[in-house]
Amino acid sequence: YQRRVHGGLVFAVTSAFNVVRLFDTRKIEQPFATFRGQADAALDIMHAKFSPSGKHILCSTNDNYMFLLDAFTGQQLQEFTDHKNDTNSSLEPAFTADGQFLASGSEDGSVYIWETETGRKVDVKRGHAGIVGCVRFNPVYLMWASSCYNLVFWADLPPDTTPEKGPALDMGNKNESPIAVDAMAEDVG
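Below you will find a few notes about this structure. Because the structure is predicted, anything quoted here is derived from the model rather than measured.

## What to know about the nonpolar core
Across soluble globular proteins, nonpolar side chains show a tendency to be buried alongside one another. Grouped together as the largest cluster of nonpolar side chains are 16 residues, with contacts concentrated most on Val20, Leu22, Phe50, Ile57, Cys59 and Leu69. Elements with a contribution of two residues or more to this core: β2 (8-15), β3 (19-24), β4 (33-36), β5 (45-50), β6 (56-61) and β7 (66-70). Ranked by residue count, the leading element in this core is β5, at three residues. One finds Phe101, Ala103, Val122 and Trp144 within the second-largest nonpolar core, a separate group that totals twelve residues.

What follows is the structure, encoded as C-alpha cells:
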C-alpha cells in the first residue's frame, strides 16, 4: 500500500492490534508515523489502501468494521460497519478512481458502497453466491469487478437503458446506472 510524496514513496504496513505504520523508502529503518484506529484494539487490520489522492487510508479489519484515516494526521474520519464479516474473512475494499466512493465485499454475498467523505452507504449490490473477498475499480471508466468463487463485472449502461440486475448506483451522474454481468465459469470437473 503506497503513495508518492515529494519525490519519495510512502507505504503503509499494518499489523495486529489495529495499528498502521507509515514508512518512507528514503529512510526505511523505522516508521515516520504510527496510527491506531479508534475501535477495539484486538482487531487486526487485514488491508490498508491509500485513496487515489493519497489523503486517506482505508483500513479493513477481521470484523464487521472498516475505518478511514487522514493519511497525514492519523485522525479517524469515518467508520463503516454495514457489511458482514463474522468469520474473520479477508475482505479487500477499494476506492473508485476519483476517490469519491469506496466499496467492500461482504460475507452475505453483497458489495457495499459508501461515500468516502460522509461515510453514507449509497448502495448494496447483490449477485454473488459466496463471500465477496475482493473489489476492484477500473482506473479510467466507471467499471468494476467483484469476486468470490465467481466473478461479477459491473458496468455503466447508456442513458435510457434499464439495468437487468440490482438497484441503480448514483455516483453523481443521473444518466448512469450500472449492471451486473455474471461471468461465472462452468464447472468442468
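## What about the pairing of β3?
For β3, the tally of buried residues reaches five of six residues, placing the bulk of the element in the interior. Looking at chain direction, β3 and β4 are connected through four bridges and run antiparallel. Within β4, the residue paired with Leu22 across the bridge is Ala33.

## Regarding the pairing of strand β11 (residues 110-115)
In terms of burial, β11 is a largely internal element, five of the six residues being buried. Pairing analysis gives five bridges linking strand β10 (residues 101-105) to β11, with the strands arranged antiparallel. Across the sheet, the residue bridging to Ser104 is Tyr112, located in β11. Between β10 and β11, which pair antiparallel in sequence order, lie four residues; one of them, Gly109, sits at a positive phi of approximately 80°. Inspection of the sheet shows β11 paired to strand β12 (residues 121-126) by five bridges, in the antiparallel sense. Residue pairing for β12: Trp114 is matched across the bridge by Lys121.

Analysis parameters
Residues numbered from 1 in each chain as written. Predicted model: local features only at pLDDT ≥ 70, side-chain atom pairs only at ≥ 80, totals over all residues. Heavy atoms only, no water. Core = buried A, V, L, I, M, F, W, Y, C linked by side-chain atoms within 4.5 Å. Buried < 20%, exposed > 50% of the residue type's maximum accessible area, 1.4 Å probe, protein only. Helix = DSSP H or I, 4+ residues; strand = E, 2+ residues; numbered from the N terminus. Pairing = 2+ DSSP bridges.

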